[in-house]
Amino acid sequence: MATRTKHEPNVVLSTQDFGVVGTRPTRHDALDKVTGRAQYGDDVQMPGLLYGKMLRSPHAHARIKSIDSSRALALPGVKAVATSADLPQVSGKVADLEGGFFNFLFLSNNCLAGEKALYVGHAVAAVAATNPEIAEEALSLIDVAYDVLPAVLSGPEAIKEGAPILHEHLATTSTPTVGAGGYRDGNEGGKGSNLANKFEFRLGDVVEGFQQADVIVEREYRTEPVHQGYIEPHGATALWSADGTITIWSSSQGQFAIRDLTARILDIPESRIKAIPMEIGGGFGGKTLVYLEPVAAVLSRKTGHPVKLLMDRAEVFMGTGPTSGTNISVKIGATKEGRITAAEARLVYEAGAYPGSPVAPGSQCIFAPYDIANVYVEGLDVVVNTPKSAAYRAPGAPAAAFAAESAIDEVCERLDMDPIEFRLLNGAKEGTRRVPGPMFPRIGYLETLQAAKEHPHYNEPIEGPNRGRGVASGFWFNGTGPASATASVTSDGTVSLVEGSADIGGSRTVAAMQLAEVLGILAEDVHPSVGDTDSIGYTSVTGGSSVAFKTGWACYEAGQDIKRQLVERAAKIWEIGVEDVEYRDGAVRHTSDPELTMSFKELAARLNATGGPVVGRATVDPRGVGGAFATHIVDVEVDPETGKVTILRYTAVQDVGKAVHPTYVEGQIQGGVAQGIGWALNEEYVFSDEGRMMNPTFLDYRMPTALDLPMLDTVIVEVANPGHPFGVRGVGEVPIVPCMAAISNAIHQATGLRLHELPMSPGRVLGALHAKNGSP
């Protein structure tokens, strides 16, 4: 049995200290969560509540000829059945929402299938009944007539001539965004295409660059779809009131996204929907879309009752979005001195049944850690008969990094060059132009490499047979967007903070800490909550590692608003000019008379009697988001008898800008690494030839447990983002990006094998060992 090696304590390489930012207060929601008081999506209860269930397609590709719900409706306790006929036929033209592009007809048809069922598990009808058992029984009484069609399950097969076409009205676009494909109406002709999007990025001249290379590595890589693996299944409750307004309770990564997407699907004004965010039991990108909310609303309208829909685990796997399966080819050239002269890649990402894979961000990130003069990247978004893909932690980037960083490791081996030295020589820095066009501002990639190079893990020898060490790097550009915050000063000197970002990683506390930093008060004196869509200004989705940045900015500005008002109030109380008052270190002070001073708490107690309460408000859409880089080191041991890979030691080094709450940052990094280890070694969707997922439970879908992992060490590097008042960069996405390549490179050092397909499961590793050794 492999013995795991020692680990180092987590390290924070801090560059600037603040009063609150950078400390480790107790999270504000901790007590409610550990005592069970926190309310999640399934906890919603109210009088007259009905329970819904979804009928799902047993076929990967089939035309729906008819749906007869008469037998189900005759069952006592059944109150309604809904199909796509109950949803408005919204336009199939692409529209902009939340900075992304959506085809709302496709989004609607993913909630309830229209003319076709496009994957096994595709919802085709829904039932509302007085209890879940009756609803489940009613599903078997709905008669659906299918015309079964040939299915296509992989990207390369889907774009071949003669492949089955999923969407007769889909046209190929050429826009490098997370898009929705083009759409032809019935009068535009054409036979449709499975290629939803094809685009190119070019920088320099790759032909000339490869001519300058002394070493060229060209390889192809394959990754399978994997699920985010959040513990809480999707759930939603909706009440369509008699006045035409709708209230939705659900666990999601953005209540405003739930409101807006549901409004578009139901073709009603957004103002008629109130979305109330419940606590969320994990999302990782997978809870940014709607699956149940519009259906629950329609069932509520038909019954006059609130309706709750809740998925079981198999439905989560088969009916919601994993990340894309991918086929990626990479070619990298370098001089004998180790300078990269050219790089090119072709990324084919499977979007699932509807367009919109993360091939665009994957294409932007694949070579981002490197300063390369000549680059060509081609991205293809392809529809196949599997569940529609969804975001998963740095969507698109992990698969791209697996390909690029594996090939780079091979270049290092060919040149007999240390992999960190190679990256230091070629690493991106401020002023480096990325292949999509923009130049990097101040970034910390070289600092992560230097910290990795100096870490004891990298400098201690790895001893024993069948052991190896791997290194890889990764990038994520991080997100931003509109955000809102309202902060009310109470008479006891605390602040009630309402912000609009759904909290999936401790963001309430991080928001409270940034407000407290501005005001010079304790983080514990700020009481944060997440508002519903009627209680706080618009805030974009919690995703892309954007919340600490954008909502942090909103809280910073709300704090500045409070400070301005407190200065004005102190001037009024002291009967002096505003220009003679300053706010500093949690107190208002006369600029020249030290006797005139009031602490925040003292002034708060006088607000209501001297002009009324003080409320700070801010709405922002901040620019200046800072990208994040990570470099990982991993030691593995490979069992030559079974092919099992054991992680012996893992160190993740990451530039975080400024760690607002270092414990949260460490947890984000460790969580991303744990998921990356699962992606690398075990996790995959296994489909039958007919397109049915064969492992839709946590028993068969193998996620890592605590027994599979050593202590995951972190090194927090702080290179301040100049676009944020405290230097913040998003931290949650990039930790997963280097994992698969780092482990693959370690397996190569341990065994001599170059594995080009994920997961690197015991069976796959053992097969490769047998092939290498000439064994049957």
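In the block above lies the structure referred to throughout.
Keep in mind that what you see is a predicted model, and the values were worked out from it rather than measured. (Residues numbered from 1 in each chain as written. Predicted model: local features only at pLDDT ≥ 70, side-chain atom pairs only at ≥ 80, totals over all residues. Heavy atoms only, no water.)

Peer 1: In this structure, what is going on with the overall build of the chain? I would like to understand it.
Peer 2: The secondary structure content of the chain amounts to 20 helices and 31 strands. The C-alpha radius of gyration of the chain comes to 27 Å, within 12% of the 28 Å expected for a compact globule of 776 residues. In terms of overall dimensions, the chain has C-alpha extents of about 90 × 75 × 55 Å along its principal axes. Counting all 776 residues of the chain, 62% fall into the buried class. Counted over contacts in the chain with a minimum sequence separation of 6, partners at least 24 positions apart contribute 79%. Put simply, the chain shows about 28000 Å² of open surface, and 51% of that area lies on carbon and sulfur atoms. Of the charged side chains in the chain, 66 are positive and 91 negative, and the gap between their average positions amounts to 2 Å. (Helix = DSSP H or I, 4+ residues; strand = E, 2+ residues; numbered from the N terminus. Rg over C-alpha atoms; globule rule 2.2 N^0.38 Å. Buried < 20%, exposed > 50% of the residue type's maximum accessible area, 1.4 Å probe, protein only. Contact = heavy atoms within 4.5 Å. Areas by Shrake-Rupley, 256 points an atom, 1.4 Å probe, with all protein chains shown as cover. Lys, Arg positive; Asp, Glu negative; His and termini not counted. Charge placed at Lys NZ, Arg CZ, Asp CG, Glu CD.)

Peer 1: I keep staring at the environment of Gly-464 and nothing clicks. Help me out?
Peer 2: The residue Gly-464 is located in the loop between α14 (456-459) and β21 (467-476) in this model. Note on Gly-464: relative accessible area 49%, which makes it partly exposed. Remark: the alpha-carbon pair of Gly-464 and Glu-637, spanning 173 residues in sequence, is separated by 8.8 Å.

Peer 1: Please clarify how the pattern of salt bridges should be interpreted in this entry.
Peer 2: Oppositely charged side chains may form a pair once their charged atoms are brought near each other. By the definition in use, this model includes 44 salt bridges. When the shortest N-O distance is used, the salt bridge between Glu-279 and Arg-508 registers 3.0 Å. Of this pair, Glu-279 sits in the loop between β16 (273-277) and α8 (293-303) while Arg-508 is found in helix α15 (residues 507-519), placing the two residues 229 residues apart along the sequence. We classify Arg-508 as buried; its relative accessible area is 11%. Two residues, Lys-601 and Asp-525, come together in a salt bridge whose shortest N-O distance is 3.7 Å. Here Asp-525 lies in the loop between α15 and β24 (526-530) and Lys-601 lies in helix α17 (residues 600-604), a separation of 76 residues in the sequence. (Salt bridge = Lys/Arg side-chain N within 4 Å of Asp/Glu carboxyl O.)

Peer 1: I would appreciate a short explanation of the packing of α15 against helix α16 (residues 547-574) in the present structure.
Peer 2: Packed helix pairs are specified by the crossing angle of their axes together with the interaxial distance, meaning the distance between the axes. Two elements in contact, α15 and α16, have axes separated by 8 Å at closest approach and are oriented at 35°. The two elements α15 and α16 cross, and the hand of that crossing is right-handed. When α15 is examined against α16, the residues Ser-507, Val-510, Ala-511, Gln-514, Leu-515, Val-518 and Leu-519 are found in contact with a partner set consisting of Val-547, Ala-548, Thr-551, Gly-552, Cys-555, Tyr-556, Ala-558, Gly-559, Gln-560, Ile-562 and Lys-563. Classifying every residue of the contact of α15 with α16 by side-chain character gives 11 nonpolar, six polar and one charged. (Axes fitted to C-alpha atoms, helices over the stretch in contact; angles between N-to-C directions. Left-handed = near helix turned anticlockwise from the far one by under 90°. Nonpolar A, V, L, I, M, F, W, Y, C, P; charged D, E, K, R; others polar.)

Peer 1: Would you mind going over the packing of aromatic side chains with me for this structure?
Peer 2: Aromatic ring pairs are defined here through the distance separating the ring centres and the angle between the ring planes. Counted under the stated rule, the structure contains 19 aromatic pairs. A ring pair is formed by Tyr-221 and Phe-402, whose centres lie 5.5 Å apart and whose planes are at 75°; its orientation type is edge-to-face. Residue Tyr-221 is found in strand β13 (residues 215-223), and its partner Phe-402 is found in helix α11 (residues 397-415); the two are separated by 181 residues along the sequence. Of the two residues, Tyr-221 and Phe-402, both sit in the buried class. For the pair Tyr-685 and Phe-687, a centre-to-centre distance of 5.8 Å together with 50° between the ring planes defines the contact as tilted. For Tyr-685, a relative accessible area of 2% translates into the label buried. (Phe/Tyr/Trp six-rings, centres within 6.5 Å; stacked < 30°, edge-to-face > 60°.)

Function cannot be inferred from these measures alone, as they are strictly geometric.
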